[in-house]
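These are the residues of each chain, in order.
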Amino acid sequence: MLSRLSTRLRTSLAAGLTALLLLGGGAWWLRGHLYDAQLEAAEADARAQSHGISNGFKIGQQVVDDWQLPYVVLDRDGQVLFTGGTLTTQHLAGQLPAAVPHLAPDNWQSVQRITIGPAGAAAANRYSGRTFTAMGSWSPLLRKDGDQTKPVVGPFTVYVLATPFAAEASLRTIDPVLLAGVPLAALLVALTAWAATSRALRPVDAIRAELAEIGEHRLDRRVPVPRSDDEIARMARTTNATLDRLERSAVQQQRFVADASHELRSPIAALRTNLEVSLAHPERTDWPAATGEALTSVERLQQLTEDLLFLARGSDRAAAGQFTAVDLSAVLRELADQYRPVLGARLALRVDAPEAVPVLGSRIRLHRLARNLLDNAQRHAAAEVVLSTRRTAYGAVLEVRDDGPGVPAEDRERIFEPFTRLDEARSRDAGGSGLGLAIAADIATRHGGSLRAVHAPRGARFVLVLPSA
């Protein structure tokens, strides 16, 4: 249920409920603390008053009537000698404990009765009042009995009632404030959280609205970035970086599709023209030659299709097979054995791989990478192609060099893009489709390495660097 609510509403409810619990708990603690403090003050006053009355009797005072708290003085037989204090006996009904038997106990209400111990100590219900006693043998007191004054011999017991009336009055004062203030404060916290969350989420709404407007043909648009350097600003910058990558990917995809269409159109057009001419003039057609030309076009289509499919499946680890330890030197020697009969006396193929150079990767794809580099080198070489491997402190290195025209410095990055051919390699009869180096660079990247065309005194020099196994 809560998951269907908006973020700002959930945040506001959470903040309000948390504030209500914290403020309610604080108010309850404050209420109890205030009540306890008032009771402690009343108990301290009662204790002081009980000692004051006792001291007054010791010096023979007969009447003590200026004390604030209600009190009663009993003789040794438990008879009431004096009562006093601001509160009258009527107020004491239901408050003074049953330790004083002469104050009409039948009229007391809800009084927890107590017992007096041998030392005269008293305990009482905290919420009905607590008595404090002072007990001792003092000088004889004079007690009026009718018209006569008789001495009364101690010991005497003084009871002073520490009333909870002040504490209860303070609660009656603070309770309405707390009952109204705590919910209002919690509501204020919830409203503040709503306002703060709304303000914080305003950039998110702007980002969402802008993203809703960005479509397949509007990838040039970007979301607004807030001026604040917070999480939302970082999210906006990350979103814009993602949109940049998507735009570049879309542009590359469109270019790739256009180039692929162009490359496929040429052999298809040649094949169709050859077949149409042959069918239009069958009597004058050299059918073995026509069939050979058609087969060449089909082979070119097949090779181009395989290259496109390889690039499309480049991220599929299953198609690459399990990564294992592969010896680059063994791969070069195997390729050299395959190509030497084909190259014959036209080109010299030299392999400089004196030691094993192991790397971790797919043998199928690494073989494809080296073959593409060798195909590119033998197409442009004048007399010699050199293959070499070595181990270095930063990884395994494979180099392919030729003595051809080389690669201009401004084109050393561009030649690894799909369907890129330099002017010297425009002839499709030479077999170049513009995908070989792109496939090689893709394989190198997916193996955690890099493939670059670097400067060479003569011809082209391609350097592959892979992490060592």
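Everything numeric in this text was worked out from a predicted model, so none of it was measured.

Enquirer: Where do I start with the overall build of the chain in this structure?
Expert: Tallying secondary structure elements over the chain gives nine helices and 13 strands in all. Burial statistics for the chain: of 469 residues in total, 38% are counted as buried. Sequence-distant contacts, at least 24 apart, represent 63% of the contacts inside the chain between residues at least 6 apart. When the accessible surface of the chain is split by element, carbon and sulfur atoms take 56% of a total near 27300 Å².

Enquirer: Just to check I follow, could you spell out the sheet that holds strand S8 (residues 348-352) for this structure?
Expert: Sheets are built from strands that pair by backbone hydrogen bonding, the pairs being arranged parallel or antiparallel. If you walk across this open sheet you meet the five strands as S8-S10-S11-S13-S12, and the pairing is mixed. Strands with a single pairing partner mark the edges of an open sheet, and in this sheet they are S8 and strand S12 (450-454). The mean angle between the axes of side-by-side strands here comes to 15 degrees, regardless of whether they run parallel or antiparallel. Looking at chain direction, strand S10 (residues 384-392) and strand S11 (residues 395-402) are connected through eight bridges and run antiparallel. Bridge pairing in S11 links Val385 to Asp402. In this fold helix H8 (residues 363-380) packs onto S8, S10, S11, S12 and strand S13 (461-466), with an angle of close to 25 degrees to the strand it touches most, S11. Sheet contacts for helix H9 (residues 436-446): S12 and S13; angle to S12, the most-contacted strand, approximately 135 degrees.

Enquirer: When you look at the pairing of S12 in this model, what are you seeing that I'm missing?
Expert: Within a regular strand, side chains alternate between the sheet's two faces. Pairing analysis gives five bridges linking S12 to S13, with the strands arranged antiparallel. Residue pairing in the sheet places Val454 in a bridge with Arg461 of S13. Hairpin connection, S12 to S13: the antiparallel pair is bridged by six residues, and Gly459 has positive phi, about 75 degrees.

Enquirer: How should the packing of aromatic side chains be read in this particular structure?
Expert: Ring pairs (aromatic) are described by centroid distance and by the angle formed between their planes. Applying the stated criterion to the full structure yields one aromatic pair. Ring centres 6.1 Å apart and planes at 90 degrees place the aromatic pair Phe416 and Phe462 in the edge-to-face group. Here Phe416, found in the loop between S11 and H9, pairs with Phe462, found in strand S13; they are 46 residues apart in sequence, far enough to count as distant. By relative accessible area, which is 13% here, Phe416 ends up buried. Taking relative accessible area as the criterion, Phe462 reaches 2% and is therefore assigned buried. Above the plane of the ring of Trp194 lies Arg8, whose end atom (NZ or CZ) is 5.9 Å from the centre.

Enquirer: What is the right way to look at the nonpolar core in this model?
Expert: Nonpolar side chains tend to gather and get buried jointly when the protein is soluble and globular. Leu328, Leu349, Leu373, Val385, Phe416, Leu451 and Phe462 are the most contacted members of the largest nonpolar core, which totals 45 residues. When residues of this core are traced back to their parent elements, those giving at least two are helix H5 (287-312), helix H7 (328-343), H8, S10, S11, H9, S12 and S13. Broken down by element, this core gets its largest block of residues, seven residues, from H7. Setting aside chain neighbours within four positions, we find Phe462 in contact with Leu373, Asn376, Leu398, Glu399, Val400, Val407, Ile415, Phe416, Leu437, Leu451, Arg452 and Ala453. Within the second largest apolar cluster, 10 residues are counted, among which are Ala42, Leu69, Val73 and Val158.

Enquirer: What am I meant to see in helix H3 (residues 165-213) here?
Expert: Counting along an α-helix, one turn takes 3.6 residues, and residues three or four places apart therefore face a common direction. Look at H3: 71 Å from first C-alpha to last across 49 residues, which is about the 72 Å you get at 1.5 Å a residue. By the largest-angle criterion, Leu201 marks the main kink of H3, which is about 35 degrees, and a proline, Pro203, follows within four residues.

Enquirer: Hey, could you run me through the pattern of salt bridges in this one?
Expert: Any two side chains of opposite charge can pair, given that their charged atoms come close. Under the counting rule described, the total for this entry stands at 17 salt bridges. Asp205 is the salt-bridge partner of Arg8, the closest N and O atoms lying 3.7 Å from each other. Here Arg8 is found in helix H1 (residues 7-58), whereas its partner Asp205 is found in helix H3, with 197 residues between them in sequence. Close ionic contact of Asp175 with Arg31 constitutes a salt bridge, the shortest N to O distance being 2.7 Å. Of this pair, Asp175 sits in helix H3 while Arg31 sits in helix H1, and the two are 144 residues apart along the sequence. Among the residues examined, Arg31 registers a relative accessible area of 27% and is labelled partly exposed. Where salt bridges share partners, they join Arg390, Glu399, Arg401 and Arg461 into one cluster.

Enquirer: Would you mind going over the packing of H5 against H9 with me for this structure?
Expert: One way to put it is that H5 packs onto H9 with a least axis distance of 10 Å and a crossing angle of 25 degrees. One way to sum up the angle between H5 and H9 is to call them roughly parallel. Viewed along their axes, H5 and H9 form a crossing whose handedness is left-handed. From H5, Asp307, Phe310 and Leu311 reach across to H9, where they touch Ala438, Ile439 and Ile443. Looking at the contact of H5 with H9, its residues break down into five nonpolar, no polar and one charged.

Enquirer: Would you mind going over the environment of Ala162 with me for this structure?
Expert: With respect to the helices and strands, Ala162 occurs in strand S6 (residues 156-162). Along the sequence, Ala162 and Asp45 sit 117 residues apart, while their C-alpha atoms lie 7.5 Å from each other.

Enquirer: Looking at this model, I keep getting lost on H7. Mind explaining?
Expert: Spanning 16 residues, H7 covers 22 Å between terminal C-alpha atoms, matching the ideal 22 Å at 1.5 Å per step. By the largest-angle criterion, Asp337 marks the main kink of H7, which is about 25 degrees, and a proline, Pro341, follows within four residues. If you check which residues of H7 are buried, you get Leu328, Ser329, Val331, Leu332, Leu335, Ala336, Tyr339 and Leu343. The opening residue of H7, the one whose side-chain oxygen lies 3.1 Å from the backbone nitrogen of Ser329, is Asp327. At the exit of H7 stands Gly344, carrying a positive phi of roughly 60 degrees.

Enquirer: In this structure, what is going on with a nonpolar patch on the surface? I would like to understand it.
Expert: Where nonpolar side chains cluster on the molecular surface, the patch consists of Leu184, Leu187 and Leu191 and spans about 310 Å² of accessible area. Here Leu187 lies in helix H3. Taking the relative accessible area as the measure of exposure, Leu187 reaches 47% and is therefore partly exposed.

Calculation notes
- Residues numbered from 1 in each chain as written.
- Predicted model: local features only at pLDDT ≥ 70, side-chain atom pairs only at ≥ 80, totals over all residues.
- Heavy atoms only, no water.
- Helix = DSSP H or I, 4+ residues; strand = E, 2+ residues; numbered from the N terminus.
- Buried < 20%, exposed > 50% of the residue type's maximum accessible area, 1.4 Å probe, protein only.
- Contact = heavy atoms within 4.5 Å.
- Areas by Shrake-Rupley, 256 points an atom, 1.4 Å probe, with all protein chains shown as cover.
- Pairing = 2+ DSSP bridges.
- Axes fitted to C-alpha atoms, helices over the stretch in contact; angles between N-to-C directions.
- Phe/Tyr/Trp six-rings, centres within 6.5 Å; stacked < 30°, edge-to-face > 60°.
- Lys NZ or Arg CZ within 6 Å of the ring centre and 35° of its normal.
- Core = buried A, V, L, I, M, F, W, Y, C linked by side-chain atoms within 4.5 Å.
- Expected span 1.5 Å × (residues − 1).
- Bend = angle between axes of the 7 residues up to and from the residue.
- Salt bridge = Lys/Arg side-chain N within 4 Å of Asp/Glu carboxyl O.
- Parallel < 35°, antiparallel > 145°, perpendicular 65-115°, else oblique.
- Left-handed = near helix turned anticlockwise from the far one by under 90°.
- Nonpolar A, V, L, I, M, F, W, Y, C, P; charged D, E, K, R; others polar.
- Polar contact = N/O pair within 3.5 Å; in protein donor to acceptor, adjacent residues only side chain to side chain.
- Patch = residues over 30% accessible without salt bridge, like charges linked within 9 Å, V, L, I, M, F, W, Y side chains within 5 Å.

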